[in-house]
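Here's the letter readout for the chains.
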Amino acid sequence: MIWDLVVAPFADFGFMRRALLGCIAVSVGATPVGVFLILRHMSLTGDAMAHAILPGAAIGYLVSGLSLGAMTVGGLIAGMIVALASGFVARVTSLREDASLAAFYLISLALGVLIVSTHGNNIDLMHVLFGTVLALDNTALILLCSFASLSVLVLAVLFRPLVLECADPQFLRSVSKLSGVTHFTFLALVVMNLVGGFHALGTLMAVGIMILPGAAARFWAESIGGLIAAAALVAMLSSLIGLLLSFHYSLPSGPAIILVAGVGYGLSLIFGPVGGAIAQNLPRRNFET
Amino acid sequence: MSAALVFQNLTLGYDRLPAVQQLDTEIQEGSLTAIVGPNGAGKSTLLKGVTGALAPLEGKVHIDGFRDEEIAYLPQQSEIDRSFPISVVDLVAMGLWREIGAFGRLGPAMPARVDAAIAAVGLTGFEKRSIGSLSGGQMQRALFARLLLQNAQLVLLDEPFAAIDTKTMADLIDVIKGWHSEGRTILAVLHDYNTVGAHFPQTMMLARELVAHGPTAKVLTSENQFRARQMCEACTGTPHVCGKTAA
């Protein structure tokens, strides 16, 4: 019974194993970045950046069809341009970064939709928007795993300045010149993970695996390490359950995975021990020392 | 005694609107100086000018005695994200940044130094608490512990006693006096004239321009306070000029 429901789909079908591996790679790479996005009150920045990479991927598609390399490079370039441009505008003008980011990503998104709809067909658009986790080939898997590894590595190196940039940016600026470097490297990580994630889950759903597990983790852990571990766990469980649901009920896999993560978030919201609805409203029996 | 800081015809401001005008004075090395004046007098602006965060519109700040890493600056608390999950001990240990940088590891003696700094501000037992659970006064104690670890020769404090209780203030003043006895140079923006009179030997009174600077008893006269208020009332006539400088 359990075997048929949980193990057999992966044992019998190569595409399911690939999908699971791809999703685990995305989970490991994207969730720590998502945790920091949430801690920096930039959750929606992930969403904006996901839209921003669309025209790059579209131009890549235009140049060489459904080519992994071209769409990846295109997405990376578009994301970096939007990140740098909005950061630059925020630093040299009086417009705040969130407003300039919104402006640039909207321009970018419109451009992307224009390109896809004039030069592709609807199936291509769906592919870019919602991904093809059940059709990951070797190259795509290697790309996803490389992005995830690189992301974890860079985050490990950048950890101390990034924590300080989040907690007390003024202090970081007063002791170090790394503030700007930290900020832009972090945005580059966001873009990289979204581009990796979009091959598996599509540009829209890739943000989901980045942010939802991190949001859920806030109800389970208090330290940064705990948050990252909890978020990665939620993401991997969501991937597993989502893929199985999509297999057994013929659902599109990307949305299935994100919806399971959404359910995980909902349950955490209610049952999470750290500020969850129940924990918050239960009478405390004794005071913390 | 030599001059640690020389302000030479210094004008600082935002958007070309001056907040501090034509300041010409010197801060002696090893002195403990309070900066006082009405709201919008340019006190915080002056500290930003010393840190280099704000470039002068005119004139110069000579800080020849100190290298960059010998200057520590405690701004008003606004930019710290208190909801960020970081513990007191981690926040305080950030004071070692100049020594270990972004990537170095804590040396063998450093954990003991962090503990000592936390003990010096009376926060022993709070090491593992997250900064979000601290009261305003405890938070200020933690920030002073971080300053202690920075081991700076020039310490700049922007309203360090705003919204904290008298016991905390007394403890933190002891820390400041400790720095003073070690020969460090300290500049603190303060509001409470009683505190200034009791603990700060030197005072600089600002009202966008320099009103007076010297031994506290000679500066904190009612004539000077009256003059400073009048000078600042003159500038509130154009609120967009002074409104900007209030922070």
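This one's a predicted model, so the numbers in the text were calculated from it and none came from an experiment.

Asks: Lay out the overall build of chain B with the relevant residues and their values.
Replies: Each helix and strand counted, chain B has 10 helices and 9 strands in total. A principal-axis box enclosing the C-alpha atoms of chain B has dimensions of 55 × 35 × 35 Å. Per-residue burial over chain B gives 43% buried out of 247 residues. Excluding contacts between residues fewer than 6 apart, the proportion of contacts in chain B whose partners are at least 24 apart in sequence is 72%.

Asks: Requested: an account of the environment of Glu233(B), with residues and values cited.
Replies: Topologically, Glu233(B) is positioned in helix α9 (residues 222–236). Sequence-wise, Glu233(B) and Ser2(B) are 231 residues apart; in three dimensions their C-alpha atoms are separated by 35 Å.

Asks: Let's hear about the sheet that holds strand β9 (residues 209–215) of chain B: which residues, and what values?
Replies: Residues and elements named next belong to chain B. Ordered by their spatial adjacency, 6 strands build an open sheet running β5-β6-β7-β3-β8-β9, and the pairing between neighbours is mixed. Looking at strand neighbours, the two that pair on one side only are β5 (71–74) and β9, the edges of this open sheet. Within the sheet, the average angular offset between the axes of one strand and its neighbour, ignoring direction, is 15°. Of the strands in this sheet, β3 (32–36), β5, β6 (154–158), β7 (185–189) and β8 (202–207) are in contact with helix α1 (residues 43–51), which crosses β6 at around 150°.

Asks: Talk me through the interface of chain B and chain A; I want residue IDs and the actual numbers.
Replies: Accessible area lost when the parts come together is the quantity often used to give the size of an interface. On the side of chain A, 20 residues touch chain B, which itself brings 15 residues to the contact. Within the side of chain B that touches chain A, the residues separate by chemical class into 10 nonpolar, 2 polar and 3 charged.

Asks: If you had to explain the pairing of strand β1 (residues 3–14) of chain B to someone new, which residues and values would you point to?
Replies: All names here are of chain B. Pairing geometry for β1 and strand β2 (residues 17–28), over 8 bridges, is antiparallel. Paired with Leu10 across the two strands is Leu23, which belongs to β2. Where β1 folds back onto β2 in an antiparallel hairpin, the turn is made up of 2 residues, including Asp15, whose phi is positive at roughly 50°. Relative to strand β4 (residues 58–62), β1 runs antiparallel, the two sharing 4 bridges. Its bridge partner lying in β4, Gln8 is registered against Lys60.

About the cut-offs
Residues numbered from 1 in each chain as written. Chains lettered and ligands numbered in written order. Predicted model: local features only at pLDDT ≥ 70, side-chain atom pairs only at ≥ 80, totals over all residues. Helix = DSSP H or I, 4+ residues; strand = E, 2+ residues; numbered from the N terminus. Buried ≥ 20, exposed ≤ 12 C-beta atoms within 10 Å, placed from the backbone. Contact = placed C-beta atoms within 7 Å. Pairing = 2+ DSSP bridges. Axes fitted to C-alpha atoms, helices over the stretch in contact; angles between N-to-C directions. Nonpolar A, V, L, I, M, F, W, Y, C, P; charged D, E, K, R; others polar.

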